[in-house]
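Take a look at the letters that make up each chain.
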Amino acid sequence: MISEKMINLTMNSSAIRAMFEEGKNMAQKYGAENVYDFSLGNPNVPAPEEVKKAIEEIINTEDSVMVHGYMSNAGYEDVRGAIADSLNKRFGTSFGEKNILMTVGAAGGLNVILKTLLNPGDEVLTFAPYFGEYRSYVANYDGILNAVPANTETFQPNLEELENMLSPKTKAVIVNTPNNPTGVVYSEETIIRMAEILRAKQKEFDTSIYLISDEPYRELAYDGVEVPYLTKYYENTIVGYSYSKSLSLPGERIGYLVIPDEADESGLIINAANVANRILGYVNAPSMFQRVIAKCLDAKVNVEYYNRNRETLYNGLLEAGFSCIKPEGAFYLFVKSPVEDEKAFCDAAKKYHLLIVPGSSFACPGYVRLAYCVAYETIVNALPKFKELAKEYDL
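Summarised in this report is the structure supplied together with it. (Residues numbered from 1 in each chain as written. Predicted model: local features only at pLDDT ≥ 70, side-chain atom pairs only at ≥ 80, totals over all residues. Heavy atoms only, no water.)

**Looking at the nonpolar core**
Membership of the largest hydrophobic core comes to 39 residues, with the highest contact counts inside it found for Phe38, Tyr306, Leu313, Leu370 and Phe386. Of all the elements in the fold, those that place two or more residues in this core are α13 (303-320), β10 (332-336), α14 (342-350), β13 (367-371) and α15 (376-392). Formed by 31 residues, the second largest nonpolar core is a distinct cluster that contains Leu159, Met194, Phe205 and Cys364. (Core = buried A, V, L, I, M, F, W, Y, C linked by side-chain atoms within 4.5 Å. Buried < 20%, exposed > 50% of the residue type's maximum accessible area, 1.4 Å probe, protein only. Helix = DSSP H or I, 4+ residues; strand = E, 2+ residues; numbered from the N terminus.)

Structural data, given as structure tokens:
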């Protein structure tokens, strides 16, 4: 018999992934061109040309050990140093090679830092709506995830509720900006006030509360919106980053953690995170793609492609009668369901071959998420179907 914990996780497996699989089945039945799958945040924009050139250069010029061999658990020193230099140049920080730990994507990085920090029963807070797998990541180390209720007017963090919910058991707060599923970028004003609250609570409880910033969508921001770099606002910040979206490399599983010197017990955290990286079974981040991203630190995906999708889908849904806030980043729309039971609404959408994800998957029922990282033609062809769906609800 498998573990009881896994029985529960298997029964409540990701609704997003389940819908993705359902989409593949529908495509076989009706034809891919007749199915409009907005379920999974799987980038449709190709990786920048620099990535292909870097792969070819590495394969053709580096020796086998340099490309495929073991390295320190934290990753190649020269790669970590290059990332630190890039961050310092962009954000005015002062990181060194030792502050960077290469990880198996952002998910691997979150698991590494949570294993490093959590004792059984420790509490982690995050803001609804949030990426549902945070709950599983925290549970992996017998922590307890509690969600701060959503501010559905702006989807900025609900700081009054945060202040009320922080306790002596709180070890960490996870933030995700630009946010999945709303596309909201947390403002500098919000971050400054959040830092003030956390400092005050640390003093009150005589504890350390770490702010874990999950940043796979940092580079996907629109209309000149600035995404604050959180280590500059709060000393106990740890950043998890992924190249899955910024370079369209989700399947390569490459990212990093930033553990600043200013964080409480930073030396112990860095050492423990290195050990966690090994004993969790990652051992080290993918060797070749560490080399690749080091050559592509200034490369960017075509954000304007996502922006065209954003504008077309957002305006089309408003025209059809739906309601949602306009995303400032990432590649998701969080749309108000026309009925209280958004799962029933998602089921109704399937009649029109529209695949959308219920907001309850993000601890925010009454909404649905649409991932617009799809072909532009998919959006154009889907909009008449959304209008038909809207008419069903008299919008």
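**Brief notes about the sheet that holds β10**
Backbone hydrogen bonds hold the strands of a sheet together, and the pairing may be parallel or antiparallel. As summarised here, the arrangement of the four strands in space is β9-β10-β13-β12, forming an open sheet in which the pairing is antiparallel. If you trace the sheet from one side to the other, it starts and ends with β9 (323-324) and β12 (357-358), each paired once. Sheet analysis places β10 next to β13, joined by five bridges and oriented antiparallel. Within β13, the residue paired with phenylalanine 334 across the bridge is arginine 369. Along the sheet, α13 contacts β9, β10 and β13; its crossing angle with β10, the most-contacted strand, is approximately 10°. (Pairing = 2+ DSSP bridges. Contact = heavy atoms within 4.5 Å. Axes fitted to C-alpha atoms, helices over the stretch in contact; angles between N-to-C directions.)

**Here we look at a negative patch on the surface**
Where like charges cluster on the molecular surface, the negative patch consists of Glu49, Glu50, Glu56 and Asp298. Locating glutamate 49 in the fold gives a position in helix α3 (residues 49-61). (Patch = residues over 30% accessible without salt bridge, like charges linked within 9 Å, V, L, I, M, F, W, Y side chains within 5 Å. Areas by Shrake-Rupley, 256 points an atom, 1.4 Å probe, with all protein chains shown as cover. Salt bridge = Lys/Arg side-chain N within 4 Å of Asp/Glu carboxyl O. Lys, Arg positive; Asp, Glu negative; His and termini not counted. Charge placed at Lys NZ, Arg CZ, Asp CG, Glu CD.)

**A closer look at the sheet that holds strand β2 (residues 100-103)**
One open sheet holds the seven strands; their spatial order is β2-β8-β7-β6-β5-β3-β4, and the pairing between them is mixed. Looking at strand neighbours, the two that pair on one side only are β2 and β4 (144-148), the edges of this open sheet. Neighbour-to-neighbour, the strand axes of the sheet open up by a mean angle of 20°, direction not taken into account. Pairing between strand β7 (residues 237-242) and strand β8 (residues 255-258): four bridges, direction antiparallel. Bridge pairing in β8 links serine 242 to glycine 255. Against the sheet, helix α5 (residues 77-91) touches β2 and β8, its axis set at about 115° to β2.

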